[in-house]
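Listed below, chain by chain, are the residues.
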There are 4 protein chains.
Amino acid sequence: MSRKKIFNDPVYGFITVPYGILFDLIEHPYFQRLRRIKQLSLTHYVYPGALHTRFHHALGALHLMQQTIDVLKSKDVQITPKEEEAVCIAILLHDIGHGPFSHTLEGALIDISHEEISALFMEELNKEFEGKLDLAIKIFRGQYSKNFLHQLVSSQLDMDRLDYLNRDSFFTGVSEGVIGYDRIIKMLDVYDNELVIEEKGIYSIEKFLIARRLMYWQVYLHKTVLSAELMLIQVFKRAKQLVQNGMALPVSKRLNFFLSRNFTKKNYLSDRKELLENFARLDDDDIFYSLKLFEENIDSTLSFLASSIIHRRLFKLEYSNIPIERDYVDKVRLKVASMRKMFDISIDDIVLKGVEANLPYSTSKEEIKILFKSGKVLPMSVTTDYTIQSKIVKRYYLCYPKV
Amino acid sequence: MSRKKIFNDPVYGFITVPYGILFDLIEHPYFQRLRRIKQLSLTHYVYPGALHTRFHHALGALHLMQQTIDVLKSKDVQITPKEEEAVCIAILLHDIGHGPFSHTLEGALIDISHEEISALFMEELNKEFEGKLDLAIKIFRGQYSKNFLHQLVSSQLDMDRLDYLNRDSFFTGVSEGVIGYDRIIKMLDVYDNELVIEEKGIYSIEKFLIARRLMYWQVYLHKTVLSAELMLIQVFKRAKQLVQNGMALPVSKRLNFFLSRNFTKKNYLSDRKELLENFARLDDDDIFYSLKLFEENIDSTLSFLASSIIHRRLFKLEYSNIPIERDYVDKVRLKVASMRKMFDISIDDIVLKGVEANLPYSTSKEEIKILFKSGKVLPMSVTTDYTIQSKIVKRYYLCYPKV
Amino acid sequence: MSRKKIFNDPVYGFITVPYGILFDLIEHPYFQRLRRIKQLSLTHYVYPGALHTRFHHALGALHLMQQTIDVLKSKDVQITPKEEEAVCIAILLHDIGHGPFSHTLEGALIDISHEEISALFMEELNKEFEGKLDLAIKIFRGQYSKNFLHQLVSSQLDMDRLDYLNRDSFFTGVSEGVIGYDRIIKMLDVYDNELVIEEKGIYSIEKFLIARRLMYWQVYLHKTVLSAELMLIQVFKRAKQLVQNGMALPVSKRLNFFLSRNFTKKNYLSDRKELLENFARLDDDDIFYSLKLFEENIDSTLSFLASSIIHRRLFKLEYSNIPIERDYVDKVRLKVASMRKMFDISIDDIVLKGVEANLPYSTSKEEIKILFKSGKVLPMSVTTDYTIQSKIVKRYYLCYPKV
Amino acid sequence: MSRKKIFNDPVYGFITVPYGILFDLIEHPYFQRLRRIKQLSLTHYVYPGALHTRFHHALGALHLMQQTIDVLKSKDVQITPKEEEAVCIAILLHDIGHGPFSHTLEGALIDISHEEISALFMEELNKEFEGKLDLAIKIFRGQYSKNFLHQLVSSQLDMDRLDYLNRDSFFTGVSEGVIGYDRIIKMLDVYDNELVIEEKGIYSIEKFLIARRLMYWQVYLHKTVLSAELMLIQVFKRAKQLVQNGMALPVSKRLNFFLSRNFTKKNYLSDRKELLENFARLDDDDIFYSLKLFEENIDSTLSFLASSIIHRRLFKLEYSNIPIERDYVDKVRLKVASMRKMFDISIDDIVLKGVEANLPYSTSKEEIKILFKSGKVLPMSVTTDYTIQSKIVKRYYLCYPKV
């Protein structure tokens, strides 16, 4: 009798999805795969509740999209039922190209952005659904005349960000990341084909920006989280090296496919079918299970790193606001070298240095726009007495085994 | 059997108070009076849930104090049982000198700060409790050797602020004002007799500062809230004028006491006993009930203002970042004058202009201090890549009857 | 631009009300009066957060009604825009006839139920709004053909109950009273012109019934709450007696109006205009302020009771599952008589005995109905393996000054 | 400086663990393994948020234990620091013997209860920690003189139940399962060496019992959850059969160990060392990864079941209050047989019938006890006017592929 599917969600209570193409897409194996891809990779090593998946995030973003559309329509913004369905499809599928461990392994396993793979999956699904995703794909790519629809899917204030900040702060328990998403949505409007925020929502946007910044340093780039993720990247770099040097690793065929090849932006489209087929079957389980197998491998680097991750013997990570001095790095390298009697592990593989940068809000990219009661529209950065943080903040790190 | 009194609190769940002097102070009529003083004056005209009282706030601040003391003791900060009790008394009573409608009428009814009256009440209670408040009073006044105890009661990061931000955002429903009070408390420590925050709490402090700023503009200085409060002040200024010119107003004796006199910092101590006696019986009910009586008064200004407040016909309020031009003010005055046929209301009494200023964080006052792992202690403003807002933000306003 | 008014609500986040008659009714002084009538009378003496008003409750019930209508329409239940508006008006105004201190003084001040006075107010408003409330009144009275609309306003599972359980548990902080209102609403449907619950909502209904029962004993009939309310009733019974015996009490005219008359179901319609006029201006402030005046009255009973309430020196209340024995009552009366040296207070006025009954769910009244997937509809009481509590639970009490 | 480790927990905010043996146990690989064992098996197929682990649950139960001990000590219950540590260890480790997919596979993989394996692990750890777990083990086994300590770990009102109801309702989003755990804890006391609840906590206990019952039918035995879990059991029964018939399955060594043997209560102690070694390395990943391998197996039953689980093509499950009639079962079997052309799958392996029973509260086992103000102690079932549900509720089911 009821024509809607209801999902329970601790964050929003209930998410309702109309039966039809949206529900069918959710049922599709491509989308079900997202059940096995955690939103935040190894963050649960620090925040044990952060086990939520891309599946749940995509449903959440869909939920916010539905609410937003209702608000916009109540303000006489013209959105046809076809456009409504399309923008809902676009947000539902925006992350479908994410691979195992989300961003962490995005460069290490396959050097193509998840957005590009999302686009591949959408095209594939479009064939299967006989062209019904045409408009959704246009919107996703920013090629549709009503630009604000694309902005709802991808901009500095899109449904993606609203949901992930919300959801990540909920499941990590970092309550300070909580944002006033419902208030922000109520303040959304469209002006001159652009998404805008009503004047009285300005403090909510400030709060949203500061929350995002806080989540970066307190969660996404938390030193222990970063350490675990760097170690994971290191394992798979090593595995790739070994496989490409001819060693057989007892991993799944689909994982082996990605270990044995180096995709680049130039060549990936030629192998598109094989790539998708393998990618569509790859998830967190393949990765974590392979760590267990690596633990017993004869290659010391591989087994040392894998074992350390599994049993949570994480490396120490030091952050610094300025580049770390060569002298200090050398001292650390020496200490590590002297203490670990495993002569066959290269220090370069376990003393890791680099830099993390964070730009919570960009004033060069398309800005968030404020609509004043007077009818004027101004970019966020000139409308607030809060100094918008638009410079890149850099943190240099050195990461190495506890000695 | 249980030796603690439990209060239900929607904000923290339960607040437990040990039987003994703390409980006895809560039972005292001076403290029970706070049940009849709303924390946020007329804010409930905009945020209907904001009916919480100074009574509940004081209990909440006490609760946070207890948690903080536990944390500090677990970090080997020396706090004796006597000091613990004293600092708890100090925070419990910190607002006991608030009069009806809290800050709103603080200047209009009696020109002495609530802190000074709190101090009077404490001394009075100290007599009644035979000197048991000696240490609490010393701490409250900043005269005790362990300075950090005073800072817990009154500083830029005290239990007062932590509770009121929390509580006000809870009851208004402005979820964006929520702060990570529990995390902040866990990060507190004492260094060199000063309250400090551990390094990893730095983002929580930033969040606390931005939340406070947001609450100022979104709640405390919300244009409709300010309008209602300006009108209330105006009523009582007028009432005072009338009484002092010899008109008898049918208000309670205690209210009449304050309408007929002008206390100043210089003279109030001489009438101290009478002042306290009357003050101790004065609460929101006296004020709101008198509005109902004023509504029927023959003085047009008094009745117009009182009636407008009661029936929520609030004045329009315009904010501006620059001083409002004289020309514009004159135009508004003319419009108001022409439309209201009540020749006997002075335009000065109903066209109100002024300025509100907000300084969310002061770098000139004693700063919040950060304790680094290295052992270094630095003031907040130099430790963060977030640009601390330490300049005063001013908003000019013009407030007048809707025409 | 936006055509909806937004109210902040800590319980639901935001409540949106379309501009038009609903908003105009909210602005009306009759409705604004509800801002000054606490939902739970003196319950805040035990649960300090319980200061919420009938105003907020009515908005909340409206909010749930809007959600319910959306759900029903999505299930193809036919509801016209006119019916939608009418049922929203009916729920918005369902409590508009509540007097000060809600249920507590319902019998003591005026012996007519609040439902009847609500109906009077609705008719008055209908005149003012030129017949636009016709359908709402029909629905409110159960005289409209679509019976389920009335059930949404008044039944064992109406929007009133859903909101008040929710709201009362929220503001008291008794989290155990929380119900799955959103899930219940999603499970609502209409079958054969009757409101029904889908089969899989059955546990949510059980939970709703047990939560309601819990709230009765833990909050509404909490012994200290009951004691405070019995004392309040007693004060006004005494005041009425004194006034009707010719003593002038310095209360407001409107309060005096009700103290000096005894309305009955038979006579109240004849004085309807005067009654409404006075009732419309009466609120909690009149009552509490009069207590302060009574405190200084020469009648010992009046001043003793008033003073005890104001300073929260509440009577002891003992509950018993069986009628309290006459011997015990006599002993208590003797003790009270001996200890209080005020010979002029009648023991009957301060040793109070009676019985409170609670029937959380009635199987004799129209039952909650369950709709099975098979299409069958059965009353709740025969569909669950949880034994529905449909017998009246009685608690006898004795209430008297602490001796 | 701080001597406590802080864990973020979305349920309780923060969990603090003192450094020392408790922290060391958490760091141990045996305990870290619980990070990879979901609390609720495949429940996330219905409630996508239910991905929380035994690791988090154990920390949560520890947190509640610490709060309980504080409450008991404030009521003058004698608990020595040694006992406090021991009871904390006991609750921390109470689930350490859970295997992959918790209860689901408890019978299918190894026919020994998780409690017995928990005991084995504790003994092993006791050796490693040189006898420091002696007292914890005594308490866990109910062999210590202070019986109430055992009751805190295992009884009808233990910290285990309080945490899992809380946590499961939180992560599923079934808010109706929420219990007043903090209120319950505040009402705990000890009388005559037994855990008791103060009289005024009686409604909270009722609520706890009804919430537990609700969670059973709405979550733990939800028809789709049960279907997924029955299918999982079926896969591993089949795998065991195949392995024991000589087929080599490409599973991990540790999983193979359990597939190839049938442990019984009688024989498991003889192989204790090998059993523990293998068990200690087995987790959810082994199981789910093996499903992916099974999907490609030549055995049709194995591949059909595995593939159905992975891609969430779950069987239909019908519940009935009475045993399902043989005729109906036969009809279903025929239909399934006719539609699936795979002659090599035995109908017995995919048409599953059985019964689930639920006893939310037992009056035969040691009851929850209520302590009255009078000093009397009575079992819960005789003290409430709510009819305690102490009879077993049975639901018969039939589960089969959608045809």
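1. Some points on the overall build of chain A
Across its full length, chain A carries 18 helices and nine strands. Against the 2.2 N^0.38 benchmark of 22 Å for 403 residues, chain A shows a C-alpha radius of gyration of 23 Å, consistent with a compact globule. Here the C-alpha coordinates of chain A stretch approximately 70 × 50 × 40 Å along the principal axes. Split into buried and exposed, the 403 residues of chain A put 48% on the buried side. Considering only contacts in chain A between residues 6 or more positions apart, those separated by 24 or more positions represent 69%.

2. Examining the interface of chain D and chain A
Taken together, the contact pairs 24 residues of chain D with 24 residues of chain A. At the level of elements, β1 (4–9), α2 (29–32), α3 (54–74), α9 (159–172) and α15 (284–294) of chain D are the ones that each hand at least two residues to the side of chain D that touches chain A. Class assignment of the residues belonging to the side of chain D that touches chain A gives a composition of 12 nonpolar, nine polar and three charged.

3. Structural notes on the packing of helix α9 (residues 159–172) of chain A against helix α11 (residues 202–220) of chain A
Residue and element names in this part refer to chain A. Contact geometry of α9 with α11 gives a least axis separation of 11 Å together with a crossing angle of 45°. In terms of orientation, α9 lies oblique with respect to α11. At the point where α9 passes α11, the crossing takes the left-handed sense. Counting all contacts with α9, which are made through L165, D168, S169 and T172, the residues of α11 involved are A211, R212, M215 and V219. Residue classes in the contact of α9 with α11 are distributed as four nonpolar, two polar and two charged.

4. Some words on the pairing of strand β3 (residues 188–191) of chain A
Residue and element names in this part refer to chain A. Summarising the sheet, β3 and strand β4 (residues 194–198) pair through four bridges and their orientation is antiparallel. Within β4, the residue paired with V190 across the bridge is L195. Where β3 folds back on β4, the antiparallel hairpin that results is connected by two residues, among which D192 adopts a positive phi of roughly 55°.

5. Topic: the sheet that holds strand β7 (residues 369–371) of chain A
The strands making up a sheet associate through hydrogen bonds between their backbones, and the pairing can be parallel or antiparallel. All names here are of chain A. Pairing is mixed in the open sheet, where four strands are placed in the order β3-β4-β7-β8. Strands with a single pairing partner mark the edges of an open sheet, and in this sheet they are β3 and β8 (377–379). When the angles between neighbouring strand axes are averaged without regard to direction, this sheet yields 45°. The pairing of β4 with β7 spans two bridges and is classified as parallel. Each bridged residue has a counterpart across the sheet, and for E198 the counterpart in β7 is L371.

6. Section: the environment of A:Y216
Within the fold, A:Y216 resides in helix α11. Among residues more than four places away in sequence, those in contact with A:Y216 are A:L221, A:N358 and A:P360.

7. Observations regarding helix α11 (residues 202–220) of chain C
In this model α11(C) runs 25 Å from its N-terminal to its C-terminal C-alpha over 19 residues, within 8% of the 27 Å that 1.5 Å per residue would give. Burial within α11(C) is extensive, with 19 of its 19 residues counted as buried.

8. Examining the sheet that holds strand β5 (residues 316–320) of chain D
Residues and elements named next belong to chain D. Ordered in space as β5-β9-β6, the three strands form an open sheet in which the pairing is antiparallel. What marks the edges here is a single partner per strand, and that holds for β5 and β6 (352–358). In this sheet, neighbouring strand axes are inclined to one another by 25° on average, regardless of whether the strands run parallel or antiparallel. As judged from the five bridges shared by β5 and strand β9 (residues 393–400), these two strands associate in the antiparallel manner. Looking at β9, one finds that S320 is bridged to Y396.

9. Examining the nonpolar core
In this structure, A:V235, B:V235, C:V235 and D:V235 are the most contacted members of the largest nonpolar core, which totals 466 residues. Composition of this core by domain shows at least three residues from each of domain 1 (4–219 + 369–392) and domain 2 (223–263 + 281–356) of chain C. Among all residues touching D:V235, those that are not within four sequence positions of it are D:L291, D:F294, D:L302, D:L305, D:A306 and D:I309.

10. Here we look at the relation of the copies chain D and chain A
Overlaying chain D on chain A yields an RMSD of 0.0 Å, the required transformation being a rotation through 180° with an accompanying axial translation of 0.0 Å. The superposition operator between the copies reduces to a two-fold rotation axis. Both copies contact each other with a shared surface, as 100% of the interface residues of chain D are interface residues in chain A too.

11. Observations concerning the environment of A:A86
Residues and elements named next belong to chain A. Tracing the chain through its elements places A86 in helix α4 (residues 81–92). Judged by the 23 C-beta atoms lying within 10 Å of it, A86 falls in the buried class. Each C-alpha atom, one on A86 and one on L133, is 7.0 Å from the other, the two residues being 47 residues apart in sequence. Contacts of A86, omitting those with residues within four sequence positions, involve L135, A136 and I139.

12. Observations regarding the packing of helix α12 (residues 223–244) of chain D against helix α16 (residues 300–310) of chain D
Residues and elements named next belong to chain D. For the pair α12 and α16, the least separation of the axes is 9 Å and the interaxial angle reads 150°. Taken together, α12 and α16 sit at an angle that is classed as roughly antiparallel. As for the relative orientation of α12 and α16, their crossing is left-handed in sense. Taking contact as the criterion, the partners of A228, M231, L232, Q234, V235, R238, A239 and L242 in α12 are, on α16, T301, L302, L305, A306, S308 and I309. A class-by-class count of the residues in the contact of α12 with α16 yields 10 nonpolar, three polar and one charged.

13. So, unusual backbone geometry
All names here are of chain C. Even without glycine at this site, F101 takes up a positive phi of about 55°. Relative to the elements of secondary structure, F101 occurs in the loop between α4 (81–92) and α5 (106–109). Assessed through the 23 C-beta atoms surrounding it within 10 Å, F101 is described here as buried.

14. Some words on the confidence of the model for chain A
Taken residue by residue, chain A gives an average pLDDT of 92. The fraction at 70 or more is 97%. For this predicted complex, the interface confidence comes out at an ipTM of 0.93, alongside a pTM of 0.91.

15. Quick notes on the environment of A:F121
With respect to the element layout, A:F121 can be found in helix α6 (residues 114–128). In contact with A:F121, other than residues within four places in its own chain, are A:Y30, A:L93, A:I96 and A:G97.

Quick notes on the rules
- Residues numbered from 1 in each chain as written.
- Chains lettered and ligands numbered in written order.
- Predicted model: local features only at pLDDT ≥ 70, side-chain atom pairs only at ≥ 80, totals over all residues.
- Helix = DSSP H or I, 4+ residues; strand = E, 2+ residues; numbered from the N terminus.
- Rg over C-alpha atoms; globule rule 2.2 N^0.38 Å.
- Buried ≥ 20, exposed ≤ 12 C-beta atoms within 10 Å, placed from the backbone.
- Contact = placed C-beta atoms within 7 Å.
- Nonpolar A, V, L, I, M, F, W, Y, C, P; charged D, E, K, R; others polar.
- Axes fitted to C-alpha atoms, helices over the stretch in contact; angles between N-to-C directions.
- Parallel < 35°, antiparallel > 145°, perpendicular 65-115°, else oblique.
- Left-handed = near helix turned anticlockwise from the far one by under 90°.
- Pairing = 2+ DSSP bridges.
- Expected span 1.5 Å × (residues − 1).
- Core = buried A, V, L, I, M, F, W, Y, C linked by C-beta atoms within 7 Å.
- Domains from an automatic or database assignment.
- Least-squares fit on C-alpha atoms with pLDDT ≥ 70 in both.
- pLDDT = per-residue confidence, 0-100.

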